[in-house]
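This is what each chain is made of:
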Amino acid sequence: MTAPESHPTGIQVELAFGDDRAVVVEVGGGLREYSVGGRHLLDGYKASEMPIAARGQTLIPWPNRIDGGSYTFNGESQQLPLTEPERGTAIHGLTRWSAWNIVEQEAARVVMIHVLHPQPGYPFTLALRIEYRLSTAGLAIHTTATNIGATPCPYGTGAHPYLTVGTQSINTAVLATPALAWLPHDVRGIPDGSRLSVAGTQYDFRVPRRIGDVVLDTAFTRLQRDPDGLARVHLCSENNNATTVWFDESYAYLMLFTGDPLPEVNRRSLGVEPMTCAPNAFRSADGLIVLEPRASYASTWGLSASAVS
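Here goes a summary of the coordinates provided. Predicted model only: the values in this text are computed from it and were never measured. (Residues numbered from 1 in each chain as written. Predicted model: local features only at pLDDT ≥ 70, side-chain atom pairs only at ≥ 80, totals over all residues. Heavy atoms only, no water.)

**Here we look at the packing of aromatic side chains**
Right, so step 1: Within the structure shown, the criterion is met by 10 aromatic pairs.
Right, so step 2: An angle of 85 degrees between the planes, with centres 5.8 Å apart, marks the rings of phenylalanine 73 and phenylalanine 124 as edge-to-face. With phenylalanine 73 in strand β7 (residues 70-73) and phenylalanine 124 in the loop between β11 (109-116) and β12 (126-135), this pair connects stretches of sequence that are 51 residues apart.
Right, so step 3: Accessibility expressed as a relative area gives 10% for phenylalanine 73, which makes it buried.
Right, so step 4: When its relative accessible area of 7% is taken as the criterion, phenylalanine 124 is described as buried.
Right, so step 5: In this structure an aromatic cluster arises from ring pairing among Trp62, Tyr71, Phe73, Tyr122, Phe124 and Phe282.
Right, so step 6: One residue, arginine 55, lies across the ring of tyrosine 162, its end atom 5.2 Å from the ring centre. (Phe/Tyr/Trp six-rings, centres within 6.5 Å; stacked < 30°, edge-to-face > 60°. Helix = DSSP H or I, 4+ residues; strand = E, 2+ residues; numbered from the N terminus. Buried < 20%, exposed > 50% of the residue type's maximum accessible area, 1.4 Å probe, protein only. Lys NZ or Arg CZ within 6 Å of the ring centre and 35° of its normal.)

Right under this line is the structure:
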């Protein structure tokens, strides 16, 4: 562990289990790095850098965007800061730049906590907990949110890892996803409320195929799950270096992002973002979770090195 003043993301917690290595950071409780046998599964960032493009961040209390940063909940109108001013949206929640506290730490496990206090646009209180654990199955991330306020509150969460399989461009990588439907959206990334089948479209990756020149900044749903209840996304290189993202039934939505407009990404890696709700859920209520006082919501996702079968 290093001193928080040394790095833009504060304390760096290094986890190890066999050949697996991960680095969790104090700022945002995020994931900076994950490797297996020396191969990086994530397009992360250096300890001397900020996590630009939301790299490895946890998105709480909403993932993706809220149109205009405004919404109505329980009959009261709220206005959030427009953290994506060029699109006129509030993006990726309120906790990714906050300091989280380390409350438990072992060689292969760490637990981070944070209290999200009431503020303009979100006058609610959440006690938050993220556990990172390495094991023979890879890296698992377990997030729990508890409403410790006196009134119900809206909630959603997501994760923002960028996957790499060691290729210079993801164009040559093979992608497999479990999504049966995609969510059309406007130029600002706000869904129009419809669901369209992926069948016969450029968004159909149910059968593994190369990404090619397909541009993805797209939300998906109707996720097929394996017998264990998990949905899995596989990214594989031509030499069979593969990375898998898996997520439990709490995550009913998936965002895929090829990063074309961002010079720091620009198809070098693929954003694979499990989400508990759709983009703009605070306005549309699409997948929105309402937490009653003292109620909790738990969600688990993870990463592993694997091959597409």
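**Side note on the pattern of salt bridges**
Right, so step 1: By the definition in use, this model includes 19 salt bridges.
Right, so step 2: In this structure, arginine 188 and aspartate 186 form a salt bridge, with 3.6 Å as the shortest nitrogen-oxygen distance.
Right, so step 3: For arginine 188, a relative accessible area of 25% translates into the label partly exposed.
Right, so step 4: With relative accessibility at 30%, the residue aspartate 186 sits in the partly exposed group.
Right, so step 5: Each of Glu104, Glu106, Arg109, Arg129, Glu131 and Arg133 takes part in a single network of salt bridges with overlapping partners. (Salt bridge = Lys/Arg side-chain N within 4 Å of Asp/Glu carboxyl O.)

**Points about the pairing of strand β27 (residues 296-305)**
Right, so step 1: Pairing between strand β13 (residues 138-147) and β27: 8 bridges, direction antiparallel. Each residue of the ladder has a partner; that of alanine 145, found in β27, is tyrosine 297.
Right, so step 2: In this structure, strand β23 (residues 242-247) lies alongside β27, joined through 5 bridges in antiparallel fashion. Residue pairing for β27: threonine 243 is matched across the bridge by alanine 305. (Pairing = 2+ DSSP bridges.)

**So, the environment of glutamine 105**
Right, so step 1: Along the chain, glutamine 105 falls in strand β10 (residues 101-106).
Right, so step 2: Its relative accessible area of 39% is what places glutamine 105 among the partly exposed residues.
Right, so step 3: Separated by 26 residues in sequence, glutamine 105 and glutamate 131 have C-alpha atoms that sit 9.7 Å apart.

**Thoughts on the state of the cysteines**
Right, so step 1: Inspection of the entire model under this criterion finds 0 disulfides.
Right, so step 2: In this structure cysteine 153 is a free cysteine whose sulfur lies 12 Å from that of cysteine 277, the closest cysteine sulfur available. (Disulfide = S-S within 2.5 Å.)

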